[in-house]
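Each chain is listed here by its residues.
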Amino acid sequence: MPLPEIARAVRNPKEHDLPAIRRSIEAFGCTLAGELDERTGRLVAGHGRLHVLEEMAGDGKSPPEGVHVGDDGTWLVPILRGWTSRSDADAEAYLVAANRLTERGGWDHGMLADMLTDIGNADEALLAAAGYTGDELADLDELVPRDPEQAPPNPVTGAGPAERVEPPTVWGVVVTCASEAEQVELLERLTEEGHSVRALM
């Protein structure tokens, strides 16, 4: 579809990490720009991607893979069509579900850490395109449960002086935020209070 002709949803509460979306599109191309509701003619998914594509076109960038250019220079982007909502409430419920259900699914942290490590070893730019930095990967790795058989053996008690185990010098806490805006506000407040903080995505 011609990029300028795609109508957005009247309401869309989802916030977007636009720089991360742009890195992803620049790395992988545009596999799917969004999903359209045939009843309303408006998007129900893909608002962040469409925003980034508009920025890229406005900046005079070459169209990413998956985007074609019409005879008049208009970007033609891949849009999924065919679904028809039954009402405005139905359309908005799907819009929220398309984002919320992905959030609720969570991650297998062990498998994710292994995949990201392999990706980073192959190409650090791909790690960034996947939405992670090296520091975030290190933080993720700390969340992975360790196999007890791989843990260091417990000190052996018996004759002789007991070995003193030093306590950790750094203590951390993970806080789950309801939104990116809440995360930013919390990071700023904790930084102002003198804490050393780092964001997890």
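Structure: above.
So, how was this worked out
- Residues numbered from 1 in each chain as written.
- Predicted model: local features only at pLDDT ≥ 70, side-chain atom pairs only at ≥ 80, totals over all residues.
- Heavy atoms only, no water.
- Axes fitted to C-alpha atoms, helices over the stretch in contact; angles between N-to-C directions.
- Helix = DSSP H or I, 4+ residues; strand = E, 2+ residues; numbered from the N terminus.
- Left-handed = near helix turned anticlockwise from the far one by under 90°.
- Contact = heavy atoms within 4.5 Å.
- Nonpolar A, V, L, I, M, F, W, Y, C, P; charged D, E, K, R; others polar.
- Buried < 20%, exposed > 50% of the residue type's maximum accessible area, 1.4 Å probe, protein only.

Describing the packing of helix H4 (residues 109–122) against helix H6 (residues 134–142)
The interhelical angle for the contact between H4 and H6, taken along N-to-C directions, is 150°, at an axis separation of 9 Å. Helix-helix and strand crossings are classified by hand; for H4 and H6 the assignment is left-handed. Contact residues: His109, Leu112, Ala113, Leu116 and Thr117 in H4; Leu137, Leu140 and Asp141 in H6. Considering only residue class, the contact of H4 with H6 consists of five nonpolar, two polar and one charged.

Considerations on the environment of Pro4
One can find Pro4 in the segment before helix H1 (18–28). Sequence separation of Pro4 and Thr74 is 70 residues, and the distance between their C-alpha atoms is 7.9 Å.

Comments concerning the environment of Ile25
Topologically, Ile25 is positioned in helix H1. For Ile25, a relative accessible area of 6% puts it in the buried group. C-alpha of Ile25 to C-alpha of Ala129: the two residues are 104 residues apart in sequence and 8.1 Å apart in space. Here Ile25 is in contact with Cys30, Arg49, Val52, Leu53, Met56 and Pro64, once residues within four sequence places are set aside.

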